[in-house]
Amino acid sequence: MPRYAMKIEYHGGPFVGWQRQTDLSSVQGAVEAALSELEPGVHNIAAAGRTDAGVHALAQVAHCDLTQDWSPFRLSEALNYHLRRVPVAIVDCAAVAPDWHARFSARERRYHYRILTRRAPATHLKGLVWHIKQHLDVDAMRAGAAHLIGKHDFTTFRSTICQADSPVKTLDRLDVRSVEGDHGTEIHFDVRARSFLHNQVRSFVGTLERVGAGSWRPDQVLEALNARDRGACGPVCPPTGLYLAGVGYPDDPFAPEAS
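Residues numbered from 1 in each chain as written. Predicted model: local features only at pLDDT ≥ 70, side-chain atom pairs only at ≥ 80, totals over all residues. Heavy atoms only, no water.

A. Looking closely at the overall build of the protein. The secondary structure content of the protein amounts to five helices and ten strands. For the protein, the C-alpha radius of gyration of 19 Å lies close to 18 Å, the compact-globule estimate for 259 residues. Summarising its shape, the C-alpha atoms of the protein cover approximately 60 × 40 × 40 Å along the three principal directions. Out of the 259 residues belonging to the protein, those deemed buried represent 49%. In the protein, of all internal contacts separated by at least 6 residues, the share reaching a separation of at least 24 is 71%. When the accessible surface of the protein is totalled, it reaches about 12500 Å², and 48% of it is carbon and sulfur. For the protein, the distance from the average site of its 29 positive side-chain charges to the average site of its 29 negative ones is 4 Å. (Helix = DSSP H or I, 4+ residues; strand = E, 2+ residues; numbered from the N terminus. Rg over C-alpha atoms; globule rule 2.2 N^0.38 Å. Buried < 20%, exposed > 50% of the residue type's maximum accessible area, 1.4 Å probe, protein only. Contact = heavy atoms within 4.5 Å. Areas by Shrake-Rupley, 256 points an atom, 1.4 Å probe, with all protein chains shown as cover. Lys, Arg positive; Asp, Glu negative; His and termini not counted. Charge placed at Lys NZ, Arg CZ, Asp CG, Glu CD.)

Here you go:
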């Protein structure tokens with residue numbers, strides 16, 4: 001059976017998350033329903049990572065197995081036709097080897113988080129950012145974030161329902177920067193690691209927001225990390241500002257030379 005990789009963009013607002021759930025609207029369910037319109041039957045696609053309710057994706061990656069040979073362009077066009085009523089789009093598609101796996105072949109995941117800081121409510125960006133009315137000290141947030149880079153036991157920043165075998169992960173990148181946008185000042189977080197614990201990025205951002213607001217000192221982030229206690233974490237930020245920004249593979253299936 002030919003296997004295809006799909007790069008998927010979606011707005012997480014209408015969905016319970018990526019993972020298929022009975023009688024509930026999910027991104028996985030929407031893509032699988034579109035596949036069933038092309039080749040009738042049950043489709044079970046696998047993704048690089050699961051996103052929670054309200055979380056968006058700029059470049060989620062999933063793979064599917066089909067019985068027919070499709071040109072990647074024709075497959076993406078056909079899927080997008082059947083997805084047109086939901087905020088999900090196949091932005092790229094590629095034929096891959098039968099043993100290629102969207103999750104297990106991945107070598108890194110990249111997440112992006114957006115905070116909008118202004119007094120006025122968010123209108124055009126509502127549901128796409130975390131709106132905070134006060135100014136945040138970006139330099140202090142960077143200083144706090146520096147304590148999280150590297151290999152650590154991230155129990156403090158792990159959801160109590162996380163199913164990962166170990167809380168030890170290596171965080172390769174956690175950049176914090178201020179961006180002047182059309183709707184006001186935004187604080188952007190760019191986070192990269194091979195894999196993440198459940199709610200890890202949202203726990204980071206929620207804790208660093210406390211630093212930026214002046215409620216925490218930057219070195220309290222290190223104290224919280226060393227506590228290895230979920231109770232030491234700052235608040236978990238809302239899902240609305242979080243995006244799965246990309247997935248890295250040893251050989252990018254979507255690279256022009258791979259097509």
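Having seen the model, we can carry on.
B. Molecular detail of the pairing of strand 5 (residues 108-117). Most of strand 5 is tucked away, with eight of its ten residues classed as buried. Sheet analysis places strand 5 next to strand 10 (residues 242-248), joined by six bridges and oriented antiparallel. Within strand 10, the position partnered with Tyr113 by the bridge is Leu242. As paired elements, strand 5 and strand 9 (residues 184-193) share nine bridges and run antiparallel to each other. Its bridge partner lying in strand 9, His112 is registered against Asp190. Both strand 5 and strand 6 (residues 130-132) contribute to a ladder of three bridges, which runs parallel. When the bridges of strand 6 are listed, Leu116 appears paired with His131. (Pairing = 2+ DSSP bridges.)

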